[in-house]
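# Remarks on the overall topology
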Amino acid sequence: MNSLKVARMALRAAARPQPALRRGYADVAPDKLRLSLALPHQTIYKSQDVVQVNIAAESGEMGILAQHVPSIEQLKPGLVEVIEEAGGNKQFFLSGGFATVQPGSVLSINAVEGYPLEDFSAENVRNQISEAQKIAGGSGSEQDKAEANIELEVLESLQAALK
């Protein structure tokens, strides 16, 4: 009998109209992205506020702003563009790595190699592409050809970023 009483009380409580939930104003979302960009030998950005970061991910080109959905992206060789608060932008060429977007507008980018784009010469890149193409199409070992093909992929991405 006691369990029957409890069941009736539960039914009555469920049948009562629920008070309408009040909606309030949302907290103001931060409009800045906190960026950390690290290489094994150097930290380029350490928890610095920026407006936007554009990355070359394996899944495609991405622009990351504040309040971006959390995700982890593998980076392919390509350009990373950082749009800073002061309105300027900086461009870096990364050989690959990972970008992690965390809750709270935090972006961490870890790469093996990365250099400012202005450090590269289009002429030197073209010369290196020619050399890598000779090795890739030559009669060398399979390992030499594979390394040359990887070098070509990176150099062609760099050449596209320099245009």
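Residues numbered from 1 in each chain as written. Predicted model: local features only at pLDDT ≥ 70, side-chain atom pairs only at ≥ 80, totals over all residues. Heavy atoms only, no water.

- Looking at an unreviewed UniProt entry, the chain carries the name ATP synthase subunit delta, mitochondrial, with the source organism given as Friedmanniomyces endolithicus.
- The UniProt entry for the chain carries this comment under Sequence similarities (unreviewed entry): "Belongs to the ATPase epsilon chain family."
- According to UniProt, the comment filed for the chain under the heading Subcellular location (unreviewed entry) is "Mitochondrion inner membrane". (UniProt positions renumbered as here; feature names shortened; annotations may be inferred.)

### Regarding the side chain of Ser 105
- The topology assignment puts Ser 105 in the loop between β7 (97-102) and β8 (106-111).
- A distance of 2.8 Å separates the side chain of Ser 105 from the backbone nitrogen of Gln 67, its partner in a polar contact. (Helix = DSSP H or I, 4+ residues; strand = E, 2+ residues; numbered from the N terminus. Polar contact = N/O pair within 3.5 Å; in protein donor to acceptor, adjacent residues only side chain to side chain.)

### As for a negative patch on the surface
- A cluster of acidic residues, Glu 131, Asp 144, Glu 147 and Glu 151, forms a negative patch on the protein surface.
- Checked against the element boundaries, Glu 151 lands in helix α3 (residues 142-162). (Patch = residues over 30% accessible without salt bridge, like charges linked within 9 Å, V, L, I, M, F, W, Y side chains within 5 Å. Areas by Shrake-Rupley, 256 points an atom, 1.4 Å probe, with all protein chains shown as cover. Salt bridge = Lys/Arg side-chain N within 4 Å of Asp/Glu carboxyl O. Lys, Arg positive; Asp, Glu negative; His and termini not counted. Charge placed at Lys NZ, Arg CZ, Asp CG, Glu CD.)

### Here's the deal with the environment of Gln 159
- Among the secondary structure elements, Gln 159 is positioned in helix α3.
- Residue classification places Gln 159 among the partly exposed positions, given a relative accessible area of 26%.
- Each C-alpha atom, one on Gln 159 and one on Gly 78, is 9.6 Å from the other, the two residues being 81 residues apart in sequence.
- Excluding anything up to four places from it in sequence, Gln 159 contacts Val 125, Arg 126 and Ile 129. (Buried < 20%, exposed > 50% of the residue type's maximum accessible area, 1.4 Å probe, protein only. Contact = heavy atoms within 4.5 Å.)

### A look at the pairing of strand β2 (residues 42-57)
- Relative to β2, strand β1 (residues 33-39) is paired through 6 bridges, and the arrangement is antiparallel. What sits directly across from Leu 33, in β2, is Val 50.
- In sequence, β1 turns back onto β2 through a hairpin of 2 residues.
- Sheet topology note: the β2/strand β5 (residues 78-84) ladder contains 4 bridges and is antiparallel. Paired with Val 50 across the bridge in β5 is Glu 84.
- Relative to strand β3 (residues 60-64), β2 runs antiparallel, the two being bridged by 5 bridges. Residue Ile 55 lies in a different strand from β3, and its bridge partner there is Met 62. (Pairing = 2+ DSSP bridges.)

### Overview of the nonpolar core
- The biggest cluster of nonpolar side chains holds 21 residues, and the ones touching the most others in it are Leu 35, Val 53, Ile 55, Leu 94, Leu 107 and Ile 109.
- Considering each element in turn, this core owes the most residues, 5 residues, to β2.
- In this view, Leu 107 contacts Leu 33, Arg 34, Leu 35, Ser 36, Val 53, Ile 64, Ala 99, Thr 100 and Val 101; residues no more than four positions away in its chain are not counted. (Core = buried A, V, L, I, M, F, W, Y, C linked by side-chain atoms within 4.5 Å.)

### Section: the packing of helix α2 (residues 122-137) against α3
- It is the contact of α2 with α3, at a shortest axis distance of 9 Å, that shows an interaxial angle of 155°. The angle between α2 and α3 places the two elements in the roughly antiparallel class. Between α2 and α3 the crossing geometry is left-handed. Across from Ala 122, Val 125, Arg 126, Gln 128, Ile 129, Ala 132, Gln 133, Ile 135 and Ala 136 in α2, the residues of α3 making contact are Asp 144, Lys 145, Ala 148, Asn 149, Glu 151, Leu 152, Leu 155, Glu 156, Leu 158, Gln 159 and Leu 162. (Axes fitted to C-alpha atoms, helices over the stretch in contact; angles between N-to-C directions. Parallel < 35°, antiparallel > 145°, perpendicular 65-115°, else oblique. Left-handed = near helix turned anticlockwise from the far one by under 90°.)

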